[in-house]
Structures are given as C-alpha cells and as structure tokens.
Amino acid sequence: MRHFGHLADDVRSRLFHEQPAAFDRDSEAAVLATALGATLYSPATRPTLARDVRRQAARGVVSMVLCLEDAIADHEVDGAEQNLVEQLTALAEQDADAELPLLFVRVRAAEQITDLSRRLGPALRLLSGFVVPKFTEDSGPPFLEALTAAEERSGQRLFVMPVLESPELAHLESRREQLHGIARLLDKHRGRVLAVRLGVTDLCSAYGLRRSPDLTAYDVALVAGVIGDVVNVLGRADGTGHTVTGPVWEYFPLQERMFKPQLRRTPFAEVTPPADRVRQQLIEHDLDGLIREIELDRANGLLGKTCIHPSHVAAVHALSVVTHEELCDARDILQQHRGGGGVSRSAYTNKMNEAKPHRAWAERVLLRAEVFGVARPEVTFAELLSACIG
C-alpha cells in the first residue's frame, strides 16, 4: 500500500516532487508508526464491516481500528465479537491479495486478545495488532502479556497501541507518577508498541467538558496540559520516545456529500480560485477547526490522528505531506550535521537552519517524506486536499 495510491498516476505526478513510497504490514515499525495517518475507527457491530474496510481502502484510508469498546453498547459485545470474526474471516478468504489498510482491534479486556486471536485462526494475518483503552501502569501488563502470548502462539508480529485517557492522567496530582510508570512499562515492550494514542474525549469527561467545533483541543487548558506532559515524557526524540498520535475530532458534516457546492452559496462561487473555493467549502462544513487542530498537533509533536468519520481522512493526509521547503531544510540540516554542525541560511532564504538542534526535526521530516511524499514547490495544501476529495 501507499498513501495517495487511490489517485490516478497523472494526478500524483502533478502533485508530488517525490512520490510516497510503498509499504506493507511487514515494514519497519518506525515506517508503520509514521504511516498510520488518519486512523479511522469503526464499530465492530457493523454488518457490512468487510465491505466497509475494502471501500475505505479504495478511498485512501491506510489504518483502521475495529472497535469493541466505547463505540458499542455493553450488551452488544458478544455479538460484535462474533461479527468481527465472521467479517474478518470472509475478508481473508475473499481478498487474499487485496491491499487492505493496517487493521487493529480495540478490545475491552486482555482476555479478548487471547480469545479473538484463537477464534480468528488464519484470518489473524489481517491484523497488525490491538488497541488498549484506558491504559495505565496498573491496567497495562495483562494486555501486554496477552499480546505477547498471542504473538508467540501465532508466529505473527502484533503491535499494541495504548490509549491514554484515564482520570489518573487528567488529575494533576497523579499524572507525573502515572506517566513515568507507563514509560517504564512501555520500554519493557518497546518492540511491540507501535504508537501511543490520546483519548481526549475521556480526559474531558473527567471534568464534564466538551469542546465546540470552533475550538481545538489546545484551546482547552486542561487537555493542552495533558498533551504537553504526554509528549514531554513519551514523545522524546532521544531514542526513548514513541510516536504519539493526535486526538479525535468529534464533529463531522451533516451530509455525506461534503465539500460539494451547496445551493445556498453565491452564484459567483464557480469563478473563485480553486484553492479559495476548497477553503470556503471547508469552513462551510465546520472543518476549519479540524485543519487548525491538525496544524497544532504537528507543532506540539503529534503525528497522525484518530478519526471517527471518513470525511476527516483527506485533511489529515493532505497536511501530512512534506512541503518542498521542509525537504530542502531537512536535507541541508543533515548534510551540515554530518560536516560537524554550524548554522546556515535556508535554501528559501527565510530562516536559519542550525544543524545540531534541528537534527531530530530533520530526521522526522525525511521519514514523513518517505511515507507521505513531498509536494511540488507550487502545490498547496488546498490542491492536495481537492485532489483527495475529488
């Protein structure tokens, strides 16, 4: 699979200075963690789950979570498990060679990892791992032990993605101890941890909060503080950290035909420049806040995002593409670092590139460039987004 692989070859050629590279579920963990992009959640109760997975793959979705936890009611768990097994089995039989997204199952209890791994049989090969909710130092070990046992029993590499969303992280008096405990626990299982996810909705619930579509997670002081502390402890660039993904955006358009011109719009809209027209459509559909939050995710050290609606995927992926300016800076910085360090003016002559402090940033940019590609100098985010949504 590859990002933007659903676009026609001539469209990708027009948009990209360097094309996104291909990868698969056996690629290196660092590549897969970067490639997660917009991770789309879907309730495991959906009777068309197998068809949904195929359809979203054709639309450019690269990672999905099939949820057995908060996305379904308590009384639906048994039926959801059965549906999940049947749908994945059918998917494995019907689409043996199809390019499917990286698939994960979000479980409620450690025993589900053991049970589902056994019940799935050969269809387990479709899974890249499991998502563990409300992960803490105390709750995490049984899940990690079950994952290790399932991996050894099946002979298949399985990853875990813990979700940090418990009240212990929201509460100031317990946050530091809890984060350092989680860091120690994850370090013991480093090879199995693909990414750390943030459950901002649950963090807000501890205080009865809910942000509006006009506000990002970073406008909510309590949430911003937790995100900063999680990145501080778990997202370090010194080799001890992990990829930390962005929080979910809860709002989505009322109509499936999002981004399409609406009758209430001005009759002069069609003569508006394409980039401005896409931006206007985004604002009309309340996705301007999503775009701002994705930009703030990147600025605060987060990569990728939890998504609950397919309409969010294009924005996350378009904003993940490396700009030509970023590529030039990253390569100059690393070349300068290999030469012993120093400072130089950027190729775009608009900033200072300092080899030693900017090295870790440059390395991350080049990994993102490999996975998401590099846009041509004249190509904007709006053009990338417009191509993705058709």
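Above this note sits the structure.
What comes next is a walk through the structure. A quick note: this is a predicted structure, and the numbers were derived from the prediction, not measured.

## Describing the overall build of the protein
Phase 1: If you tally the helices and strands in the protein, you get 16 helices and eleven strands.
Phase 2: Rg of the C-alpha trace for the protein: 21 Å, near the compact-globule value of 21 Å for 390 residues, within the 12% margin.
Phase 3: Summarising its shape, the C-alpha atoms of the protein cover approximately 55 × 55 × 45 Å along the three principal directions.
Phase 4: By the burial criterion, 53% of the 390 residues in the protein qualify as buried.

## What to know about the packing of aromatic side chains
The geometry of an aromatic ring pair comes down to the distance between the two centres and the angle between the two planes.
Phase 1: Throughout the structure, instances matching the rule amount to two aromatic pairs.
Phase 2: Seen in terms of ring centroids, F4 and F16 are 5.3 Å apart; in terms of plane orientation they differ by 55°. Their pairing is tilted. Note that F4 is positioned in the segment before helix 1 (9-15) and F16 in strand 1 (residues 16-18), a separation of twelve residues in sequence. Each of the two residues, F4 as well as F16, counts as buried.
Phase 3: Between W249 and Y251 the ring centres are 6.1 Å apart and the planes differ by 65°, which places this aromatic pair in the edge-to-face class.
Phase 4: Of the residues examined, Y251 reaches a relative accessible area of 22% and is grouped as partly exposed.

## Some points on the nonpolar core
Phase 1: The biggest cluster of nonpolar side chains holds 110 residues, and the ones touching the most others in it are L84, L88 and L164.
Phase 2: V322, L334, V365 and V374 belong to the second-largest nonpolar core, a separate cluster that totals nine residues.

## Concerning the packing of helix 5 (residues 110-120) against helix 6 (residues 140-154)
Phase 1: As a packed pair, helix 5 and helix 6 sit with axes 8 Å apart at the nearest point and diverge in direction by 15°. When the axis of helix 5 is compared with that of helix 6, the two are roughly parallel. Crossing geometry of helix 5 relative to helix 6 is assigned as right-handed. Facing A110, I113, T114 and S117 of helix 5, the residues of helix 6 in contact are P142, F143, A146, L147, A150 and R153.

Calculation criteria
- Residues numbered from 1 in each chain as written.
- Predicted model: local features only at pLDDT ≥ 70, side-chain atom pairs only at ≥ 80, totals over all residues.
- Heavy atoms only, no water.
- Helix = DSSP H or I, 4+ residues; strand = E, 2+ residues; numbered from the N terminus.
- Rg over C-alpha atoms; globule rule 2.2 N^0.38 Å.
- Buried < 20%, exposed > 50% of the residue type's maximum accessible area, 1.4 Å probe, protein only.
- Phe/Tyr/Trp six-rings, centres within 6.5 Å; stacked < 30°, edge-to-face > 60°.
- Core = buried A, V, L, I, M, F, W, Y, C linked by side-chain atoms within 4.5 Å.
- Axes fitted to C-alpha atoms, helices over the stretch in contact; angles between N-to-C directions.
- Parallel < 35°, antiparallel > 145°, perpendicular 65-115°, else oblique.
- Left-handed = near helix turned anticlockwise from the far one by under 90°.
- Contact = heavy atoms within 4.5 Å.

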